[in-house]
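Now for the letters of each chain:
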Amino acid sequence: MRQKDVRAPPGLLGRERSRLVRVGGTTNLTSQALAGTIFPMTAPFVVLHIPHSSTVIPAHVRPSLCLPDKDLARETLLMTDQCTDELFDCQAESVTRVVFPVSRLVLDPERFTDDAKEPMAKKGMGVVYTKTSDGKALRRPGFVPTRAELIEEFYRPHHNKLEIAVAESLRDNGSCLILDCHSFPSVPLPYESCSGKTRPGICLGTVPSQTPEWFIQEAERLFRVKGFSVAQNDPFEGVLVPDRYQGNASVLALMIEINRSLYMDEASGDRLPGFPGFKGLLLRLLEDLIDFVLKQLRMI
Ligand SMILES: [Zn+2]
């Protein structure tokens, strides 16, 4: 998306902003679009959430993990959504990115902090993993930093960033689009409950309150046109939306999961030779999807 596509004409911004503030946060997107009014953006409208790309394990966390270096490197390779920070490196003016800075083996920001709400906690893979992807011990008994300390250090700041990004778009634009960006292994890991069928190239995760049908259909169409096989909510379902915005129809959300075999050698972690071309294709597709949503919402 080019800058000229998303900004208000000079002189119009102030007037439009005052109107946007009045409608912010509670606008029904369908009625907004039907009203035929142009609602130009004044803050980034798209939040690219990239939670699982990092391989960083801080020095003060490493001693709490009981795997030897070689095994930890293998577990990191298996569990990391390698290169998703690069693949989703969209620099458009309409986009802001929230990238989790450390490995999900340190803490998984996509899990509920309340184990009672988090199904993966039963497998030792709640917000702070105690087990590996094949059920072995990951953390030492009585580990330090503790679960509570890790949540304070890594979960809260990350989710604050995410909430602020959404809040700013709601305040200034009246709506927001969250794209939750992941990748998944082409062969299921032992911890996954799965059907055993062939995995798609692209998995789109949706929730009814946040992902309207017109949006899902266009996202699926754009990927299919480029030759990808697409499945909805398979092998992973849903999309992360901050608690306070769940059910808010002004916050659109979609999870995009890419089959790792499309861009990397999953055994070594090396990128495939076609990586730059794949990235270019993905970024153009994202721009088309964002443009489509902006047009639907009369923001361009
Ligand atoms: Zn992921």
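Reading guide: rules and limits
- Residues numbered from 1 in each chain as written.
- Predicted model: local features only at pLDDT ≥ 70, side-chain atom pairs only at ≥ 80, totals over all residues.
- Helix = DSSP H or I, 4+ residues; strand = E, 2+ residues; numbered from the N terminus.
- Buried ≥ 20, exposed ≤ 12 C-beta atoms within 10 Å, placed from the backbone.
- Contact = placed C-beta atoms within 7 Å.
- Core = buried A, V, L, I, M, F, W, Y, C linked by C-beta atoms within 7 Å.
- Pairing = 2+ DSSP bridges.
- Axes fitted to C-alpha atoms, helices over the stretch in contact; angles between N-to-C directions.
- pLDDT = per-residue confidence, 0-100.
- Parallel < 35°, antiparallel > 145°, perpendicular 65-115°, else oblique.
- Left-handed = near helix turned anticlockwise from the far one by under 90°.
- Nonpolar A, V, L, I, M, F, W, Y, C, P; charged D, E, K, R; others polar.

Novice: Sorry, what's going on with the overall build of the protein chain here?
Specialist: Looking only at helices and strands, one finds eight helices and six strands in the protein chain. Going residue by residue from the N terminus, the α and β elements of the protein chain occur as α-α-α-β-α-α-β-α-β-β-α-β-β-α. Counting all 300 residues of the protein chain, 36% fall into the buried class. The contacts of the protein chain with a sequence gap of at least 6 include a subset with a gap of at least 24, amounting to 81%.

Novice: So what exactly am I meant to see when it comes to the nonpolar core here?
Specialist: Inside soluble globular proteins, nonpolar side chains tend to come together where they are buried. V47, V166, I178 and L254 are the most contacted members of the largest nonpolar core, which totals 49 residues. Among the secondary structure elements, those contributing two or more residues to this core are β1 (46-50), β2 (95-99), α6 (147-173), β3 (176-184), β4 (202-205), α7 (213-225), β6 (251-259) and α8 (275-296). If we ignore the near neighbours within four places in the chain, the residues touching V166 are V47, C176, I178, P242, Y245 and V251. In terms of nonpolar packing, the next biggest core, distinct from the first, is built from 12 residues, L65, V106, V127 and V128 among them.

Novice: What is the right way to read the sheet that holds β4 from this model?
Specialist: The strands making up a sheet are joined through hydrogen bonds of the backbone, oriented either antiparallel or parallel. Taken together, the six strands give an open sheet; going across it, the order is β2-β1-β3-β6-β4-β5, and neighbouring strands pair in mixed fashion. A single partner strand is all that each edge strand has here, and the edge strands are β2 and β5 (230-232). The mean angle between the axes of side-by-side strands here comes to 20 degrees, regardless of whether they run parallel or antiparallel. Both β4 and β5 contribute to a ladder of three bridges, which runs parallel.

Novice: Would you take a moment to explain the confidence of the model for the protein chain for this structure?
Specialist: Fine structural detail should not be taken from predicted coordinates in areas where pLDDT scores are low. Looking at the protein chain as a whole, its pLDDT mean stands at 87, while 85% of the residues score no less than 70. Confidence drops under a pLDDT of 50 for residues 1-28, and excluding neighbours within four residues, the segment shows 41 contacts in the predicted structure. Here residues 30-35 is modelled with pLDDT under 50, and outside its nearest four sequence neighbours on either side it reaches eight contacts, counting other chains as well.

Novice: Teacher, can you tell me more about unusual backbone geometry here?
Specialist: Both trends apply: most residues other than glycine have a negative phi, and most peptide bonds are in trans. Omega for the bond connecting V144 with P145 falls within 30 degrees of zero, at 0 degrees, which places this linkage in the cis form. Of note, P145 is situated in the loop between β2 and α6. For the bond running from D234 to P235, omega is 10 degrees, close enough to zero to count as cis. Notably, R298 is not glycine yet its phi reads approximately 60 degrees, a positive angle. Looking at the element boundaries, R298 is found in the segment after α8. Residue class for R298 comes out partly exposed when judged on the 16 C-beta atoms lying within 10 Å of it.

Novice: Help me understand the environment of L87 in this model?
Specialist: Mapped onto the elements, L87 comes out in helix α5 (residues 84-87). Taking the number of C-beta atoms within 10 Å as the measure of exposure, L87 has 24 and is therefore buried. Along the backbone, L87 and G280 are 193 residues apart, and their C-alpha atoms lie at a distance of 8.3 Å. If near-sequence neighbours (up to four positions away) are discounted, L87 is found in contact with I258, Y263, K279 and L282.

Novice: Just checking my understanding: could you explain the packing of α7 against α8 for this structure?
Specialist: Two quantities define a packed helix pair, namely the angle between the helix axes and the distance between the axes. At a minimum axis distance of 10 Å, the contact between α7 and α8 shows a crossing angle of 155 degrees. It follows that α7 is roughly antiparallel to α8 by the angle criterion. Read as a crossing pair, α7 and α8 show a hand that is right-handed. Contact residues: W214, F215, E218, A219, L222 and F223 in α7; L285, D288, L289, F292, V293 and Q296 in α8. Grouping the amino acids of the contact of α7 with α8 by side-chain chemistry returns nine nonpolar, one polar and two charged.

Novice: Is there a simple way to think about the environment of G135 in this case?
Specialist: Relative to the helices and strands, G135 resides in the loop between β2 and α6. Residues G135 and M125, 10 residues apart in the sequence, show an inter-C-alpha distance of 9.3 Å. The contact partners of G135, leaving out residues within four places of it in the chain, are P190 and Y191.

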